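Observations on chain architecture
One-letter residues, chain by chain:
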Amino acid sequence: MTQNGKVKINKLPSGVLGLDEILGGGLPEFSFNIIAGAPGCGKTTLAHQFMFANATEERPALYFTVLGEPALKMLRYQQQYTFFEVEKLNNAVRFVNLSQVLIDGGLEAVLEEIGKQVNSLNPGIVIVDSFRSVLRSKTGPANEIEVQGFMQRLALLLTSCEATTFLIGEYAESELQDNPVFTVADGLFWLYQTVERNSVVRKLQLMKLRGQMSVPGLHTFRITEGGLQAFSRTLGLTGKKRKVPARKRLSSGIPALDEMMGGGIPEGDSLLIAGASGTGKSLLATQFIAAGIRAGEPGIVAVFEERPDEYAGRASIFGLDLETPIRDGTLEVIYLRPLDLSVDEMMQELLDAVKRTDAKRLVIDSLAGFEMALAPGFRADFRESLYRMIFALTGLGITILSTLEMEESFTEFRFSTYSISFLTDDIIRLRYVEIDGQLRKIMMVVKMRGAAHSPDIREYEITADGVTIGERLANYSELITGIPHKTESSGN
Amino acid sequence: MQPMKATVIPSTTRDLTERLIALERCEADGETAPAFRVCDKLRRPLSMLMGTQGYRALISRALTLAQRESKLLTSVRVKEDGALECLNSEAFPVAALLAKQLIALLLSFVGEAVTLRLLDDVWPTLRGSETTQGDLDDSKRQS
């Protein structure tokens, strides 16, 4: 089939959740691909997912095993995944072992046998696993020409028979250069698995994919009972238009705070509430989400430090009913399993929840909890990941409120830690001050991008009604140090 | 040293194997036991799946287990290509023990559903006769 005289390349579903987005829509039909990586990183499972997603009786899949994992064991384990359809076995999916052929006749016989099987079955998919073992005996300069010739003939054989093909091999990254195998391939998938302290971090990279635009870089993936699930760095938002909010103002749920912010929080903004422990950050966030529910704006709360029922229970103490909207499906409180998350996985969870609820408001409580929930290997990229996440979510028109716990200092005043203030449009700072022998609380709007806001520093209290903002503390100076002085106009 | 216990084959596995043997009995040529024909018919698809060496390892294991049940099977050998060589026809009456062990090993490794798929290819009439899928729940091998 042609389009303007050009051949149209069909894109086949990979069968891996999230991978089609990374591939740029799917895997090019009739492409010749290599799946490389260390043992145990999911190469065989990836190939199986593609095979079961695409194999039919008319265009079956031929799966050649060589000297790798014994086929019986492979079937034993692969059938545990939900994508494994027993009905396709020996029907749409056929396994052929080539080990004896390799031992008896070498590369030439392997090529001949693959050709024979391909010609007799007319497969749509051909997979050779573990391909590396076919070539292992032929490494070294003397055999390079033979290997290259074998590879080229195999590639020609497979592509000319109109099949999408995979070669699976255990390679080290150092072998990338000067290896003819990689030159011939149309697609090169590289899977990584590293242990970071107590966590396992899995990533994949599409080093090469001819004929279409794939998403570059390393993408996190996880192996679940459904097989591999990939999380694109671009979060599936490539090519999607950013929603430009009408810039209406959203109520924070606290009229005095809305007033300080010049009428409320600009829709689609990212707002940071920073303050020490006990200053009421989470309560502000809860009031923000409850105000949204009252205004008919569905919301999502991502919590890391308490369970959803605890979160709703705490809100009820302040007269905020979150249980009803949770039941109605207009509010989701997501508790993300701590300690080994990647930002991409969390993002996917949030994006899925956004789609489910059509959320307009999102609370992340807290950023410190979020960072702690990540696998250690992902913490190094926390700021960059946070940037991607906030950019993606606000791009969907969602207003985000994040809380950030800060160490209280009585000698300096910082707007926020992590140097993440550049990620947020608006910052509200909460802090303790010592006044008249009491530990009291003050609040100030530090920053609002492109919008006027009150410069007042106002005292507030946490009451049974939530955060109650009082008057500006006009008679004190150096409030932000935490140890203010009464000014003369105060009468002292 | 205590002698090794024979592996007990569950009744459902025995039933399944008996049905395969019955199907082969219909095509019996008198030169070999129907149970050996069952093993031989499985050799080709299983060798295709596991490789010749893989199949040879599997049938050899099945033979070892079967020989614990009957000394008459000591006259049976596994050739290089996985085919069976029977040096004495005295083994014929107990040949079913070997086929049962082979089926039991398959059930143990890949489970009922995959095993039945593999058998279907060789004996298309097997399914739909007496035992249906799901009847083999207790087919796990007991030692």
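This one's a predicted model, so the numbers in the text were calculated from it and none came from an experiment. (Residues numbered from 1 in each chain as written. Chains lettered and ligands numbered in written order. Predicted model: local features only at pLDDT ≥ 70, side-chain atom pairs only at ≥ 80, totals over all residues. Heavy atoms only, no water.)

Section: the overall build of chain A
We apply this condition: Elements are defined by DSSP. Helices are runs of H or I of four residues or more, strands are runs of E of two residues or more, and each kind is numbered from the N terminus. When a residue's accessible area, from a 1.4 Å probe over protein chains only, is under 20% of the maximum for its type it is buried; when over 50% it is exposed; and in between it is partly exposed. Contacts between residues were defined by any pair of non-hydrogen atoms, one from each residue, lying within 4.5 Å. Areas reported as accessible are Shrake-Rupley estimates using a 1.4 Å probe. Residue values count occlusion only from the protein chains shown.
Summing up its helical and strand segments, chain A has 15 helices and 26 strands in all. Across the 492 residues in chain A, those meeting the buried criterion constitute 55%. Of the contacts formed within chain A by residues at least 6 apart in sequence, a portion of 68% connects residues at least 24 apart. Surface accessibility of chain A: about 21,600 Å² in total, with carbon and sulfur atoms responsible for 50%.

A short note on the sheet that holds strand E5 (residues 32-37) of chain A
All names here are of chain A. Our working rule: Strands are labelled as partners when DSSP assigns at least two bridges between them. Comment: axis = line fitted to C-alpha atoms, over the contacting stretch for helices; angle = value between 0 and 180 degrees taken between N-to-C directions.
Strands sit in the order E7-E6-E8-E9-E5-E10-E11-E12-E13 across an open sheet of nine strands; the sheet is mixed. A strand with exactly one partner marks an edge of an open sheet, and here the two such strands are strand E7 (93-97) and strand E13 (227-231). Looking at each pair of strands side by side, their axes are set apart by 25° on average, direction ignored. Alignment of E5 against strand E9 (residues 164-169), held across five bridges, turns out to be parallel. Along E9, the bridge assignment pairs Asn-33 with Phe-166.

Some points on a negative patch on the surface
All names here are of chain A. Keep this limit in mind: Patch building starts from residues that exceed 30% relative accessible area and form no salt bridge, then joins like charges within 9 Å and nonpolar side chains (Val, Leu, Ile, Met, Phe, Trp, Tyr) within 5 Å. Think of a salt bridge as a Lys or Arg side-chain nitrogen and an Asp or Glu carboxyl oxygen that are within 4 Å of each other. Here Asp and Glu are counted as negative and Lys and Arg as positive; His is not counted, and neither are the chain ends. To locate a charge, the coordinates of NZ of Lys, CZ of Arg, CG of Asp or CD of Glu are taken.
On the surface, Asp-309, Glu-310, Asp-321, Glu-323 and Asp-328 cluster together to form a negatively charged patch. At the level of secondary structure, the elements contributing two or more residues to the negative patch comprise helix H10 (308-317) and helix H11 (323-328). With respect to the helices and strands, the residue Glu-310 is situated in helix H10. For Glu-310, a relative accessible area of 44% puts it in the partly exposed group.

A look at the packing of aromatic side chains
Residue and element names in this part refer to chain A. As a reminder, the rule being used: Classification of ring pairs uses Phe, Tyr and Trp, with its six-membered ring standing for Trp, and accepts pairs whose centres are within 6.5 Å; under 30 degrees between planes counts as stacked, over 60 as edge-to-face, and the remaining range as tilted. The rule is short: NZ of Lys or CZ of Arg within 6 Å of the ring centre and within 35 degrees of the ring normal puts a charge over the ring.
Scanning the entire structure with this criterion turns up eight aromatic pairs over all chains. Both rings, one in Tyr-63 and one in Phe-95, keep their centres 5.1 Å apart while their planes meet at 45°; by these two values the pair is tilted. Of this pair, Tyr-63 sits in strand E6 (residues 61-65) while Phe-95 sits in strand E7, and the two are 32 residues apart along the sequence. Phe-95 matches Tyr-63 in its accessibility class, with the two residues each being buried. The interplanar angle of 10° and the centroid separation of 5.3 Å between the aromatic rings of Tyr-81 and Phe-83 together place this pair among those described as stacked. Side by side, Tyr-81 and Phe-83 carry an identical accessibility label, which is buried. These aromatic residues form a ring-pair network of at least three members: Phe-52, Tyr-81, Phe-83 and Phe-84. Residue placement shows Arg-361 over the ring face of Phe-288; its charged tip is 4.6 Å from the ring centre.

Re the sheet that holds strand E16 (residues 270-275) of chain A
All names here are of chain A. Read from one edge of the open sheet, nine strands run E18-E17-E19-E20-E16-E21-E22-E23-E24, paired in mixed fashion. Each end of this open sheet is capped by a strand with a single partner; those strands are strand E18 (331-335) and strand E24 (466-472). The average angle at which neighbouring strand axes cross in this sheet is 25°, direction not considered. Sheet strands touched by helix H12 (residues 343-357): strand E17 (299-303), E18 and strand E19 (361-365). Its angle to E18, the strand with the most contacts, is close to 165°.

Some remarks on the pairing of E17 of chain A
Residues and elements named next belong to chain A. Taking burial as the measure, the five residues of E17 include five buried ones, the bulk of the element. Neither face of E17 is exposed, since Gly-299, Val-301 and Val-303 on one face and Ile-300 and Ala-302 on the opposite face are all buried. Pairing of E17 with E18, which is carried by five bridges, proceeds in the parallel orientation. Note on E18: the bridge partner recorded for Ile-300 is Glu-332. Across five bridges, the pairing between E17 and E19 is parallel. Paired with Ile-300 across the two strands is Leu-362, which belongs to E19.

Re unusual backbone geometry
Residue and element names in this part refer to chain A. Here the residue pair Asp-365 and Ser-366 is connected by a cis peptide bond, since its omega of 10° sits within 30 degrees of zero. Along the polypeptide, Ser-366 turns up in the loop between E19 and helix H13 (367-373). Notably, Asn-122 is not glycine yet its phi reads approximately 50°, a positive angle. On the secondary structure map, Asn-122 appears in the loop between helix H4 (99-121) and strand E8 (125-129). The phi angle at Glu-478 is positive, at roughly 55°, despite the residue not being glycine. Positionally, Glu-478 belongs in the loop between strand E25 (476-477) and strand E26 (485-486).

A few points about the domain arrangement of chain A
Residue and element names in this part refer to chain A. As a reminder, the rule being used: Segment limits for the domains were obtained from an automatic or database-derived domain assignment. In short, buried area is how much 1.4 Å probe accessible area vanishes from two parts on joining, totalled over both. Polar here means any residue outside two lists: the nonpolar Ala, Val, Leu, Ile, Met, Phe, Trp, Tyr, Cys and Pro, and the charged Asp, Glu, Lys and Arg; Gly therefore counts as polar.
Once the domains are mapped, chain A shows domain 1 (11-231) and domain 2 (249-486). Here the C-alpha centre of domain 2 lies 47 Å away from the C-alpha centre of domain 1. At the junction of the two partners, domain 1 supplies nine residues and domain 2 supplies 13 residues. Buried area between domain 1 and domain 2, both sides added, is near 900 Å², and the carbon and sulfur share of it is 56%. When residues of domain 1 are sorted by the area they lose upon contact with domain 2, Thr-220, Arg-222 and Phe-231 head the list and together hold 52% of the total. Of all the secondary structure elements, the ones that give two or more residues to the side of domain 1 that touches domain 2 are strand E11 (199-209), strand E12 (218-224) and E13. Here the side of domain 1 that touches domain 2 gets three residues from one element, more than from any other, and that element is E11. The residue inventory of the side of domain 1 that touches domain 2, partitioned by class, reads two nonpolar, three polar and four charged.

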